[in-house]
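Notes for the structure review
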Amino acid sequence: MPSDVIESGRLDSPLIEVIGVSFGYNQLEVLSEVNLNIYSGDFLALIGPNGAGKTTLIKIILNLLKPKKGEVRLFQQKIKEFKDWPLIGYIPQKATHFDPLFPVSVREVVAMNLPQARWFDFWTKKMKEEDVLRALQVVGMENYIDERIGYLSGGQQQRVFIARALVTHPRVLILDEPTTGVDAPTQEKFYDLLARLNKEEGLAIILVTHEIGIINRHVNKVACLNRRLVYHGTHGEFCQSDFFRQMLADGHHMIFHKH
Amino acid sequence: MEVLWSGFQYGFFQRALLAGLGVGLACALLGVFLVLRKDAMIGHGLAHISFAGVAVGLFFGFLPLLSALVLTVITAGLLIKIRQKAGVYGDTAIALMSSFGFAVGILLVSLSSGMNVDLFAYLFGDILTISSLEVKISLALAVAVVLVIIFYFRNFLFTTFDPEAAQVAGIPEKRVEYLLTVLAGITVVLGMKVVGLLLVVALMVIPAASALRIARNFRQALVFAGIFSLSEIFVGLCLSFLLDIPAAAGIVLLGFGIYLIILFSQSRFRQRS
């Protein structure tokens with residue numbers, strides 16, 4: 001279902017527009033003619049089998065990769081002209097895969113995302129200390145501000161990375177497989193936190209995930225990618241769809257939808 | 001003690017101390033980033049290139065420090081290009097460039113007679129014969145390197161810790177990598193007279209490795225690496241003067257000793273707790 005059909009009733013402009021994007025590595029086509037709009041308040045699960053192009057699409061949205069065809073517009077601007085990157089918070093797939101011996105404190109991890117107005121900003125003690133503290137309070141990690149991040153648990157580290165993304169007051173948060181290697185109760189809390197940020201702060205969230213359970217509980221939109229965008233709809237429609245039934249039957253690593 | 005005190009009166013000892021401390025500080029600060037980027041051997045590779053630079057300088061009669069600087073900085077840029085564009089593994093690119101540099105150096109040495117003695121000073125370090133011009137160049141460049149690190153601290157830290165997120169935050173990751181490699185090239189050349197090109201990587205890696213074991217945050221890591229490096233060079237030079245041992249060996253062995261002490265005391269502490 002094309003995204004403009006779902007969004008036809010909306011009056012506000014999308015925060016992110018993916019327009020006819022195609023991408024390939026050498027001869028292999030990874031993405032084909034993908035159209036997708038993200039609006040304020042969306043909590044979108046981007047799902048699909050391994051190698052479906054989910055991470056590639058995210059990287060194109062973030063200007064880390066250039067599409068072969070099509071374009072991405074961010075906040076109504078062409079991606080080349082877009083300068084307000086603090087409006088987009090990003091937590092990479094490998095965020096928690098850093099070297100545990102890396103001697104960096106929670107405070108430094110969050111502060112490194114703050115744009116520096118002056119070169120010495122990072123060095124002054126009062127450097128937006130309040131911003132860092134507030135971001136950590138939102139994720140409930142303010143008591144760990146001076147801890148070395150390598151000493152925290154996987155779930156705690158994820159919260160710190162959310163704080164790092166939040167410190168610039170973004171309007172969109174993009175998370176790529178954020179709970180890989182985190183136990184089930186911690187995942188639960190983590191997704192509750194995202195749902196709260198989505199509802200209370202109006203933060204639009206794009207979540208790349210394999211977890212179908214999460215899709216049911218928290219998200220309000222679902223996009224399924226398998227090189228093409230094979231499904232895009234609201235959460236309610238998704239649960240009614242043949243597509244969802246097939247997913248449940250096949251298991252979430254085996255999604256092959258024939259349109 | 002009196003012998004040591006008299007040492008401080010000598011011009012050559014003062015020059016050695018000044019150059020050594022300046023270069024040591026720059027090496028240690030840069031080393032923290034290089035070690036964390038798993039790129040510690042880039043110092044070793046660039047040192048071999050600077051060998052060619054020294055040989056060119058001695059062969060054609062330039063100041064070897066300057067010809068080495070020019071050649072090493074250019075090669076540092078090439079190294080990054082090769083890595084980014086040609087799809088060569090990082091360590092393979094270093095091995096390619098360093099062996100090429102060393103081969104050029106050997107060729108030039110064999111073509112000329114009488115420069116073997118001078119070359120030895122660069123291979124194994126000869127800080128006690130450092131000239132006042134070399135001291136001035138070393139100090140000025142060491143100060144410049146430290147200033148650049150302070151200036152670009154956030155960019156260096158962010159790209160080292162999480163390159164992808166840093167790029168999204170608008171930091172030009174490739175340019176930062178290029179800058180770090182060029183700075184590494186400059187400090188390697190400066191470190192050559194202090195401990196020699198075969199040991200210069202030690203000035204970058206050992207204080208950083210020691211500091212990374214005990215620091216609780218990144219600023220501490222930089223401060224500890226700086227303190228370790230300065231004290232190792234100071235004490236190493238004093239020992240070399242007192243015991244008449246090569247300064248390079250004294251400095252490096254002292255640093256290695258400190259690293260071992262930290263390593264063992266940490267493992268004992270862990271066993272107890």
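Residues numbered from 1 in each chain as written. Chains lettered and ligands numbered in written order. Predicted model: local features only at pLDDT ≥ 70, side-chain atom pairs only at ≥ 80, totals over all residues. Heavy atoms only, no water.

**Notes on the side chain of Asn 198 of chain A**
Residues and elements named next belong to chain A. With respect to the element layout, Asn 198 can be found in helix α6 (residues 184-200). By relative accessible area, Asn 198 is classed as buried at 8%. In this structure Asn 198 touches Gly 41, Asp 42, Phe 43, Leu 203, Ile 205 and Asn 220, once residues within four positions along its chain are discounted. (Helix = DSSP H or I, 4+ residues; strand = E, 2+ residues; numbered from the N terminus. Buried < 20%, exposed > 50% of the residue type's maximum accessible area, 1.4 Å probe, protein only. Contact = heavy atoms within 4.5 Å.)

**Considering the interface of chain B and chain A**
Facing the 26 residues of chain B at the interface are 30 residues of chain A. Around 2,700 Å² of area is buried between chain B and chain A when both sides are counted, 63% of it from carbon and sulfur atoms. By the criterion of area lost to chain A, the three top residues of chain B are Arg 154, Phe 161 and Val 168 of chain B, representing 29% of everything that side buries. With its nearest N and O atoms 2.7 Å apart, the salt bridge here joins Arg 164 of chain A to Asp 162 of chain B. Taken together, the connections running from chain B to chain A amount to nine residue pairs in polar contact (both at pLDDT 80 or more). Listing elements by their share of the side of chain B that touches chain A, those giving two or more residues are α7 (132-151), α8 (153-161), α9 (163-168), α11 (200-214) and α12 (218-243) of chain B. Residues belonging to the side of chain B that touches chain A are distributed by class as follows: 15 nonpolar, four polar and seven charged. (Buried area = accessible area lost by both parts, 1.4 Å probe. Salt bridge = Lys/Arg side-chain N within 4 Å of Asp/Glu carboxyl O. Polar contact = N/O pair within 3.5 Å; in protein donor to acceptor, adjacent residues only side chain to side chain. Nonpolar A, V, L, I, M, F, W, Y, C, P; charged D, E, K, R; others polar.)

**Brief notes about the sheet that holds strand β7 (residues 172-176) of chain A**
Residues and elements named next belong to chain A. Reading across the sheet, the six strands line up as β6-β7-β8-β3-β9-β10 and stay open at both edges, with mixed pairing between neighbours. In the strand order of this sheet, the two ends are held by β6 (88-91) and β10 (228-234), each with one partner. Ignoring strand direction, the axes of neighbouring strands in this sheet form an average angle of 15°. Alignment of strand β3 (residues 43-47) against strand β8 (residues 204-208), held across four bridges, turns out to be parallel. From the neighbouring strand, Leu 46 faces β8, where its bridge partner is Val 208. On the sheet, helix α2 (residues 54-61) packs against β3, β6, β7, β8 and β9 (221-226) and is oriented at approximately 130° with respect to β3. This element, helix α5 (residues 154-166), spans β6 and β7 of the sheet and lies at about 155° to β6. (Pairing = 2+ DSSP bridges. Axes fitted to C-alpha atoms, helices over the stretch in contact; angles between N-to-C directions.)

**A short note on the layout of surface pockets**
Computed from the structure, the largest pocket encloses a volume of approximately 1,000 Å³. Lining of the largest pocket is provided by 34 residues; of these, Thr 159, Asp 162, Pro 163, Glu 164 and Glu 173 of chain B occupy positions nearest its centre. For the lining of the largest pocket, the elements supplying multiple residues, two or more each, are α2 of chain A together with α2 (11-36), α4 (64-85), α8, α9 and α10 (173-195) of chain B. The element that contributes the greatest number of residues to the lining of the largest pocket is α10 of chain B, accounting for five residues. Each residue belonging to the lining of the largest pocket can be placed in one class, and the counts come to twelve nonpolar, nine polar and 13 charged. Empty space within the second largest pocket amounts to approximately 360 Å³. Forming the walls of the second largest pocket are 16 residues, and the residues nearest its centre are Asn 63 and Trp 85 of chain A together with Gln 167, Gly 170 and Ile 171 of chain B. In terms of residue class, the lining of the second largest pocket is built from eight nonpolar, three polar and five charged. (1 Å grid on protein atoms, 1.4 Å probe; cavity = no way out; pocket = protein on both sides within 12 Å on 5 of 7 lines; lining within 4 Å. Points joined across faces, edges and corners; volume = space filled by probe spheres on them.)

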